[in-house]
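So you can see what is in the structure, the chains are spelled out below.
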Amino acid sequence: MSLRVAVVGCGNIATRHISGYQQVEDAELVAMCDLDEARARDYAERFGGKAYTDVVTMLETEAPDIVDVCTREMHREAPVIQSVSRGFTTLAEKPLFAARGQYSVQADDLPVARRMVEATEVGGAELFMAYNYRFGDYAQRLKKMIEAGELGELQYVHAWTRLACWSHVIDLLRWFCGDIEAIAVAMSGPEDSRTRAGSLRFASGAVGTLLGEGITPGFHDMLRIRWCGSEGTAVLRDIAGGLELYPRHQRQRTIVQQAHDDPRGEFMQTFHREIAALCDHVRDGVEVPLATGIDGLRELEVDAGFVVAAERGEWLDLGGEWRS
Ligand SMILES: NC(=O)c1ccc[n+]([C@@H]2O[C@H](COP(=O)([O-])OP(=O)(O)OC[C@H]3O[C@@H](n4cnc5c(N)ncnc54)[C@H](O)[C@@H]3O)[C@@H](O)[C@H]2O)c1
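Residues numbered from 1 in each chain as written. Predicted model: local features only at pLDDT ≥ 70, side-chain atom pairs only at ≥ 80, totals over all residues. Heavy atoms only, no water.

Here's the deal with the sheet that holds strand S11 (residues 223–229)
Sheets are built from strands that pair by backbone hydrogen bonding, the pairs being arranged parallel or antiparallel. Judged by pairing direction, the sheet is mixed, and its nine strands sit side by side in the order S14-S13-S12-S11-S7-S10-S9-S8-S16 without closing on themselves. Edge positions in the sheet fall to strand S14 (254–257) and strand S16 (316–317), since each has one partner strand and no second. Taken together, the seven bridges between strand S7 (residues 154–162) and S11 define a ladder with antiparallel strand orientation. The residue bridging Leu154 from the neighbouring strand is Gly229, located in S11. Across the sheet, helix H6 (residues 137–147) lies against S11, strand S12 (232–237), strand S13 (242–247) and S14, angled at about 25 degrees from S13, the strand it touches most. (Pairing = 2+ DSSP bridges. Helix = DSSP H or I, 4+ residues; strand = E, 2+ residues; numbered from the N terminus. Contact = heavy atoms within 4.5 Å. Axes fitted to C-alpha atoms, helices over the stretch in contact; angles between N-to-C directions.)

Now the structure itself:
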């Protein structure tokens, strides 16, 4: 039996997801859905499946095993709710919702994101998020080392990123370090691309810093995460850049780097691995490190919290009231 996949939003990022399904032997692209009929037809001709312009009609006709929502962040609410409320396993692009665009997440985006998560629970569906940086080879190695206790207890973390990777890095920090409990933030620069400097306190008691650089995005030197534990320090340089390891009591360090000179190729693999993991989960019920809708909501709470903490000029508690 094949895994029947429907794509909603036939734009740029959809091609990356589609190329992931094309590598999965039993995945079958059965529907291409876009409000723009010409786009839906074009994708159906190029990649297979039937063209649709209405999500509900498509869901009721095709009953797919996977609904992959690749619309933009301000157009995510309707297709996700239509899909999860009918019980369909759904993958949503990131961030979960942002009415003004991904670099301008605000507190009033949170009720929308909560509705999406609630609809998932009511519909008895599974909602996953396309936080594909989790599927970088070095990111996965670091996660395994943390889980195995090789670096000891987290003491503190330093992270910086270009805004292009902002929500991914918040997700990675939560993945590597656990929930962020409180933040204090200062911002500068133009309204649509503000540089943001945050101090973080994690639920574990560890502390950290996170800088989002509001400068012109480029394709190199995009992000750095320095995870410092009681037994050693690890530095993640970009998703395809490398991983440096500094054991606490040794002078020796280990640098794990790309075996080939095609970082873009390794980056593309993150999409492929993520889609393969989703298919494994749906087909075989195996646990996979995909971010869930709740992870998407928590990421958005941190993101919106940055703006509010900067406005207030004081520490913002991200638990309790902020989550309701
Ligand atoms: N994971 C990553 O690394 C990564 C990288 C780039 C972009 N993204 C995310 O991907 C998302 C999509 O970006 P894009 O550049 O592909 O957008 P896009 O504008 O190229 O494509 C979006 C498509 O969705 C369609 N659409 C909108 N509402 C719809 C609806 N209700 N039903 C059906 N179709 C609908 C539009 O007509 C459009 O064709 C963004 O949120 C972005 O943040 C993620």
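Let's talk about the domain arrangement of the protein
Here the domain parsing of the protein yields domain 1 (3–132 + 271–292) and domain 2 (133–260 + 300–317). Here the C-alpha centre of domain 2 lies 27 Å away from the C-alpha centre of domain 1. Listed as interface residues are 23 residues of domain 1 and, on the opposing side, 21 residues of domain 2. Buried area between domain 1 and domain 2, both sides added, is near 1900 Å², and the carbon and sulfur share of it is 60%. On the domain 1 side of the contact with domain 2, Tyr103, Tyr131 and Asn132 bury the most area, a combined 36% of that side's loss. Put simply, domain 1 and domain 2 have one salt bridge between them. Across the pair Arg114 and Glu301 runs a salt bridge, and its minimum N-O distance is 3.4 Å. (Domains from an automatic or database assignment. Buried area = accessible area lost by both parts, 1.4 Å probe. Salt bridge = Lys/Arg side-chain N within 4 Å of Asp/Glu carboxyl O.)

So, the pairing of S11
Of all the seven residues making up S11, six are buried; the element is thus mostly covered by neighbouring parts of the structure. Relative to S12, S11 is paired through five bridges, and the arrangement is antiparallel. The partner of Ile225 across the bridge, within S12, is Leu236. The hairpin formed by S11 and S12 contains two residues between the paired strands. (Buried < 20%, exposed > 50% of the residue type's maximum accessible area, 1.4 Å probe, protein only.)

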